Amino acid sequence: MVTLSQALLIALDHHQGGRVAEAEDIYRRILGADPEYADAMQLLGVLAAQTGRQAAAHRWLRLAVALRPDGAAGLSNLAGVEQSAGTLDDAVRHYGRALRLMPDLADAHANRAGALRRLGEVLAALTAAGHALALAPDHADALANRAAALLSCGDARAAERCARRSLSLNARSAVAYATLAAALAAQRRWAEAESAARESLALDRNAAEPWEVLGAVLAKLARFPDSLDAFAMAERLRPGPSVHAARGIALVAMARPAEAAVAFERALADRPQDVGLHWNLGFARLMAGDYRRGWPEFDWRRRDAHADPPWRPFHQPPWQGEPLNGRTILLYAEQGLGDTLQFLRYVPLVAARGGRVVLEVQRPLLPLMAGLEGAAQVIARGDPLPPFDLEAPLMSLPRAFATGLDSVPADIPYLSPNPVRVAHWREQLGPRDALRVGVVWAGNPRFPGDEERSPRLAGLRGLFDVPGCRFYGLQMGPGRAGLAESVLPDSFIDLGTAISDFADTAAIMANLDLVVSSCTGPAHLAGALGLPLWVALPFSADWRWLTGRDDSPWYPTARLFRQPAPGDWSAVAGRMAAELAALAQRFRPLP
């Protein structure tokens, strides 16, 4: 007669051999003979989990743990089922109990790392993965979970290496492929990321994460309907804040900010203190023109612990727009040069509230500040700060003034060029015998979206063939690299090597008939100077340019030329060239 122990071994042999029906039949027979046989109950739970019956697996494993609370394997298996069901706190707790009983369970350490990472406890996840790898250096799942944790820490290259090592050990790991896809996407390697996401889905179409990554990648590749289909699959499989946030970012890329705002709001319902989500919601609302509800969300950026440059902890209270009554307020730049140039318009308004304004700007902008009203003292960022009573970053001033779409302070110019430099450049530019057009074609390549927003020289090259114009290259910085490989007409004159600072750029612009620029600092400078400005914009432009319009409430002299489809700079250049040709025909040289 076969004993229960012998029957269990026979069932286990069937189980390991893939004969699950035979194994389950024997497990159930054993439990019929002894309803408290914990090993049979545990293995029946494992089998149920492996065959996709999560509720049954959870029930059997809970009973097994109740019968044998000191069984580390049972606790670890129960944690795995809870992790698959998304009850991550319970999973981490049961992994912890298992590891206290048996610290050398590499699988439990590895899986616990995955649960911790999904809970946002990234450093703990790295530690757990490290414990697993110390016990089993070639543990593929531990490597995959470590890769995901590294990615959450912002180290995409290390995450890629770790995911690839995991795949070298287990080429059928859907999790590792999904993490590889996300790591490649973080490096803007979209085609490779799509391929890795599809490899993950070929192995497991019911995993939410690769669908979410695929949705984000397809949005970057401008395959918008496919992107939304992928997000719909991700949400069906695992609804939650992550997929809502990713869809929101994709909807911004589709220039659908009102829908993006709804997605961010849904994500915030689960993560109400998430700084990045609030900032994204602010971006979407501002892009949609909902300024009054956008500014408070945009102000969450001040809580960003990873800001570059980092936020400074001031003891003085932030200014909320109340009367200053003779107090000194520090207004300071915080982000790019263009941001500073745009929001300097508020400096005279702050001074009118009855206080003394100390203005801190980036050092390259310092020579421009002589023409700005309202600042009693101007200093460069990094210089010692004088005493002050209140503080406000420049980009928080629209909220302090309750700026709405219909109340943008647009009295221009609010900056003025140095007259001595204007006269100098008047001499340098020579006779005004053609329409003078200054051109800027690239922004700061360190800006995350610069690849989309900057047409480069090649993108605007078609302009330079318009007759009756003389073009002046005002480009500085890395964007000048395209000049060496371009054949340009005699009507193009490169001034970039002769420009010493923004004050020079302003003086040159004052001698031009038109400035054509991508979304970068010189565009804001031309707008602040009140000069005719054409801005070349990507399909989904920065929030300040709104959507669906060719004018700007911030710069009355600006015209906006938007891509009709992502990446289509030729259409932008073609429209500009046609408009420019009409301008050139009406141009009459000065006597």
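Described in the following lines is the structure provided in the data block. The model shown is predicted, which means the values in this text are computed figures rather than measured ones.

1. Quick notes on the overall build of the protein
Reasoning step 1: Assigned secondary structure in the protein consists of 27 helices and 10 strands.
Reasoning step 2: Counting across all 591 residues of the protein, residues that qualify as buried make up 51%.
Reasoning step 3: Taking the contacts inside the protein whose residues are at least 6 apart along the sequence as the reference set, 60% of them involve residues at least 24 apart.
Reasoning step 4: For the protein, the accessible surface area stands at approximately 26100 Å², while carbon and sulfur atoms represent 53% of it.

2. A look at the sheet that holds strand E5 (residues 435-440)
Reasoning step 1: Pairing within the open sheet is parallel, and its 6 strands lie in the order E7-E6-E5-E8-E9-E10. Of all the strands in the sheet, just strand E7 (492-494) and strand E10 (558-562) have a single pairing partner and so form its edges. Taken over all neighbouring pairs, the strand axes of this sheet differ in orientation by 20 degrees on average, direction set aside.
Reasoning step 2: Here E5 runs beside strand E8 (residues 514-518); their pairing, made up of 4 bridges, is parallel. Its bridge partner lying in E8, Val440 is registered against Ser517.

3. What to know about the packing of helix H9 (residues 140-152) against helix H10 (residues 156-169)
Reasoning step 1: Two elements in contact, H9 and H10, have axes whose closest approach is 8 Å; the angle formed by their N-to-C orientations is 165 degrees. Taken together, the axes of H9 and H10 lie roughly antiparallel to each other. Crossing of H9 against H10: the hand is left-handed. Contacts between H9 and H10 involve Ala140, Leu143, Ala144, Arg146, Ala147, Leu150 and Leu151 from the former and Ala156, Ala158, Ala159, Cys162, Ala163, Arg165, Ser166 and Leu169 from the latter.
Reasoning step 2: Looking at the contact of H9 with H10, its residues break down into 12 nonpolar, 1 polar and 2 charged.

4. What about the side chain of Arg247?
Reasoning step 1: Tracing the backbone through its elements, the reader meets Arg247 in helix H15 (residues 241-253).
Reasoning step 2: Aside from chain neighbours lying at most four places away, what touches Arg247 is Leu228, Phe231, Ala232, Glu235 and Arg266.

5. Focus: H15
Reasoning step 1: For H15, with 13 residues, the first-to-last C-alpha span of 19 Å sits near the 18 Å given by 1.5 Å per residue.
Reasoning step 2: Taking burial as the measure, the 13 residues of H15 include 10 buried ones, the bulk of the element.
Reasoning step 3: Buried within H15 we find Pro241, Val243, His244, Ala245, Ala246, Arg247, Gly248, Ala250, Leu251 and Val252.
Reasoning step 4: On its buried side, H15 packs onto helix H13 (208-220), helix H14 (224-237), helix H16 (257-270) and helix H17 (275-287).

Rules behind the numbers
Residues numbered from 1 in each chain as written. Predicted model: local features only at pLDDT ≥ 70, side-chain atom pairs only at ≥ 80, totals over all residues. Heavy atoms only, no water. Helix = DSSP H or I, 4+ residues; strand = E, 2+ residues; numbered from the N terminus. Buried < 20%, exposed > 50% of the residue type's maximum accessible area, 1.4 Å probe, protein only. Contact = heavy atoms within 4.5 Å. Areas by Shrake-Rupley, 256 points an atom, 1.4 Å probe, with all protein chains shown as cover. Pairing = 2+ DSSP bridges. Axes fitted to C-alpha atoms, helices over the stretch in contact; angles between N-to-C directions. Parallel < 35°, antiparallel > 145°, perpendicular 65-115°, else oblique. Left-handed = near helix turned anticlockwise from the far one by under 90°. Nonpolar A, V, L, I, M, F, W, Y, C, P; charged D, E, K, R; others polar. Expected span 1.5 Å × (residues − 1).

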